[in-house]
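# Working through the structure, step by step
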Amino acid sequence: MTAQQVRVVAPGASSFAAELTAALEGAPTGDCVVYVCGDVGAAVAGALDALDTDEWDRRAEQVLRDALTALQDAHRVLSAQGGRVVVVAPTVGIPGAPGLVPFVTAVEGVRAMVKSAARQWGAADIAVNAVLVPIELLVPATAGTTAYLPPPALGRPPTVVDVAAAVAAFADPARDGVTGATVVVDGGSVMAP
Amino acid sequence: MNAVELSGRTVIVTGGAAGVGRGIALACGDAGAHVVVASRRENGVEVVDEITARGGAASWSQCDVADGDSVAATVAHAVERTSGLHAVVHNATSNRSSEPHRLEDVSIDVFDEHAAVSLRGAYHCACAARDALEASHGTLLVMTSPAGIEGSATLPMYATMKGALRGFAKSLAREWAPFGITVNVVSPLAFSPAMANAIVEDPALEGRLNQRVPLGRVGDPETDVGRGVAFLVSADARYITGQTLAVDGGHFMSI
């Protein structure tokens, strides 16, 4: 990776990844890899006990394999000079989501992976953080699956521009000293840590 | 005397032959449960013998949680031998769990070894036990760790699995609540065979650990962690679901 470059990696993601890439244009970033955990083929509603083993693997374990591979690739390109990794994932890992057990299993695994990467890669000047957003922003087909959550305190759901601002803050080389953190960009719905 | 009452209840403990799993099995047996000690190796029989020697009821079921048919057979064993199934404690983890590693070096094969036991095992336990737990308004319990909440500098795959299990439990708690099934998580700090080996290698480790725990000691798998689990699988915990209970002497207070 050359200097001052942002790469957005998003296996199976909806149009969100492209919109995020566009929204990040012109932001003052150093070398940064953005990983979007929003695989539309995995965030599919269904009762856990109705899934066969292949579906479990596709919706849970494959999401984790993809994240592992993406973080390892990020380490490979950033390890020489340091840089930033920002993982964008849905908020549903914090409160849980009925009907999405395998995918949420993966999401919380990815968050723990992010924190472990932050602990291991800090010495190489690689900061790793997470930005959580409403799941329907990443996977529009899941709209309505989180109706049990409180409405956003700010009165509106976030836009891709709101998310890009948080990603850019983590990617900004002028802002140092934050790693292993999670920021929730959902307008004030999920407020637990 | 046991404050927790598990008479008439049947509890499956995966990975119940050693360490924390053995402690959970013994505590549930002391509280009156019929304990199904589920383990891959036959050493689970030794725990059954311990429970029955104390006057409790227990049986061993050979179980590889990575194999759905094997888990289904263990659930069938529990239901056929007793009055039903009231709790499953998924405690088993990969044999590689305590091997330090770097995240950037983890192969997909190693990932799969971890996931097969921790995650696919949880999926298999849930699917196999669902009908029996609905019939009893029972509970599913999974084991996590501070590593799953705050990450780990030495065991990133273990941390990933333990974090994932919290997402699994919180989501399944919501999904199964309408059926009267609760799902919770326990985060223990207790002596295990791996910790005992580490202390043999580094005798000062125990003192350092004790200093970091507000209650001043590492927990006992049976009398500390096991009794906490026994409460969560009892009828008295029927209004608790989707929660993580840290049974760790106050070691981790950031949930």
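Check the entry above for the structure.
Residues numbered from 1 in each chain as written. Chains lettered and ligands numbered in written order. Predicted model: local features only at pLDDT ≥ 70, side-chain atom pairs only at ≥ 80, totals over all residues.

### Description of the overall build of chain B
The secondary structure content of chain B amounts to nine helices and seven strands. What you see for chain B is a C-alpha radius of gyration of 17 Å, in line with the 18 Å of a compact globule of 255 residues. Along the three orthogonal principal directions, the C-alpha set of chain B runs to about 45 × 40 × 35 Å. Going through the 255 residues of chain B one by one, you find that 56% of them count as buried. Here the analysis covers contacts within chain B between residues at least 6 apart in sequence; of these, 72% occur between residues at least 24 apart. (Helix = DSSP H or I, 4+ residues; strand = E, 2+ residues; numbered from the N terminus. Rg over C-alpha atoms; globule rule 2.2 N^0.38 Å. Buried ≥ 20, exposed ≤ 12 C-beta atoms within 10 Å, placed from the backbone. Contact = placed C-beta atoms within 7 Å.)

### Focus on the pairing of strand β1 (residues 10-14) of chain B
Residue and element names in this part refer to chain B. Burial analysis of β1 places five of its five residues in the buried class, the great majority of the element. Of the two faces of β1, the one carrying Thr10, Ile12 and Thr14 and the one carrying Val11 and Val13 are both buried. With helix α1 (residues 19-30) bridging β1 and the parallel strand β2 (residues 34-39), this β-α-β connection has right-handed handedness. Looking at chain direction, β1 and strand β4 (residues 87-90) are connected through four bridges and run parallel. For Val13, the partnering residue across the bridge sits in β4 and is Val89. (Right-handed = clockwise from strand over helix to strand, strands pointing away. Pairing = 2+ DSSP bridges.)

### Concerning unusual backbone geometry
The phi dihedral of Asp125(A) is positive, around 60°, even though this residue is not glycine. In this structure, Asp125(A) sits in the loop between α3 (101-121) and β4 (126-133). A positive phi is found at His137(B), a non-glycine position, where the angle reads about 50°. Along the chain, His137(B) falls in the loop between α4 (108-136) and β5 (139-143). Taking the number of C-beta atoms within 10 Å as the measure of exposure, His137(B) has 13 and is therefore partly exposed.

### Some thoughts on the sheet that holds strand β3 (residues 83-90) of chain A
Residues and elements named next belong to chain A. Pairing is parallel across the open sheet formed by five strands, whose spatial order is β1-β2-β3-β4-β5. Of all strands in the sheet, those with a lone pairing partner are β1 (6-9) and β5 (182-184), marking the two edges. On average, each strand axis in the sheet is inclined to that of its neighbour by 20°, with strand direction left out of account. In this sheet, β3 lies alongside strand β2 (residues 32-36) in parallel orientation, the contact comprising five bridges. Across the sheet, the residue bridging to Val33 is Val85, located in β3. In this fold helix α1 (residues 16-24) packs onto β1 and β2, with an angle of close to 170° to the strand it touches most, β1. Running at roughly 155° to β4, α3 makes contact with β3, β4 and β5 of the sheet. (Axes fitted to C-alpha atoms, helices over the stretch in contact; angles between N-to-C directions.)

### Here we look at the packing of α4(B) against helix α6 (residues 156-176) of chain B
Residues and elements named next belong to chain B. Their axes nearest at 10 Å, the elements α4 and α6 cross at an angle of 20°. Our classification of the angle between α4 and α6 gives roughly parallel. Taken as a pair, α4 and α6 cross one another with a handedness that is right-handed. Listed contacts from α6 to Val110, Phe111, His114, Ala115, Ser118, Leu119, Ala122 and Ala126 of α4 are Met157, Met161, Ala164, Leu165, Phe168 and Leu172. (Parallel < 35°, antiparallel > 145°, perpendicular 65-115°, else oblique. Left-handed = near helix turned anticlockwise from the far one by under 90°.)

### A short note on the interface of chain B and chain A
The interface of chain B with chain A comprises 36 residues on the first partner and 37 residues on the second. Looking at the side of chain B that touches chain A, the elements with two or more residues in it are α4, α5 (146-150) and α6 of chain B. Considering each element in turn, the side of chain B that touches chain A owes the most residues, 16 residues, to α6(B). Among the residues making up the side of chain B that touches chain A, the classes are represented as 17 nonpolar, nine polar and 10 charged. (Nonpolar A, V, L, I, M, F, W, Y, C, P; charged D, E, K, R; others polar.)

### Some thoughts on the environment of Trp56(A)
Looking at the element boundaries, Trp56(A) is found in helix α2 (residues 53-78). Its 22 C-beta neighbours within 10 Å are what place Trp56(A) among the buried residues. In this structure the C-alpha to C-alpha distance between Trp56(A) and Pro102(A), which are 46 residues apart in sequence, comes to 6.3 Å. Residue contacts for Trp56(A): discarding those within four places in its chain leaves Leu51(A), Pro102(A), Arg120(B) and Tyr123(B).

### Considering α1(B)
All names here are of chain B. Taking 1.5 Å of rise per residue, the 12 residues of α1 would be expected to cover 16 Å, and the 17 Å separating its terminal C-alpha atoms lies within 8% of that figure. For α1, the tally of buried residues reaches 12 of 12 residues, placing the bulk of the element in the interior. Regarding α1, the residues found buried are Gly19, Val20, Gly21, Arg22, Gly23, Ile24, Ala25, Leu26, Ala27, Cys28, Gly29 and Asp30. (Expected span 1.5 Å × (residues − 1).)

### As for the pairing of β4(A)
Residue and element names in this part refer to chain A. With eight of eight residues buried, β4 lies mostly within the body of the structure. Burial along β4 is two-sided: the face carrying Ile126, Val128, Ala130 and Leu132 and the face carrying Ala127, Asn129, Val131 and Val133 are both buried. In this sheet, β4 lies alongside β3 in parallel orientation, the contact comprising eight bridges. Paired with Val86 across the two strands is Asn129, which belongs to β4. This β-α-β element, β3 to α3 to β4, shows right-handed connectivity. Inspection of the sheet shows β4 paired to β5 by three bridges, in the parallel sense. Bridge pairing links Val131 to Val183 in β5.

### Re the packing of α1(B) against helix α9 (residues 221-232) of chain B
Residue and element names in this part refer to chain B. Interhelical geometry of α1 versus α9 gives an angle of 65° and a closest axis separation of 7 Å. In this structure, the crossing between α1 and α9 has a hand that is right-handed. Side by side, α1 and α9 meet where Gly19, Val20, Arg22, Gly23, Ile24, Leu26, Ala27 and Cys28 of the first sit next to Pro221, Glu222, Val225, Gly226, Arg227, Val229 and Ala230 of the second. Of the residues that constitute the contact of α1 with α9, the class distribution is nine nonpolar, three polar and three charged.

### Points about the sheet that holds strand β6 (residues 182-188) of chain B
Residues and elements named next belong to chain B. The parallel open sheet is built from seven strands, whose spatial order is β3-β2-β1-β4-β5-β6-β7. Of all strands in the sheet, those bounded by a partner on one side alone are β3 (57-62) and β7 (244-247). When strand polarity is set aside, the average angle formed by the axes of neighbouring strands in this sheet is 20°.

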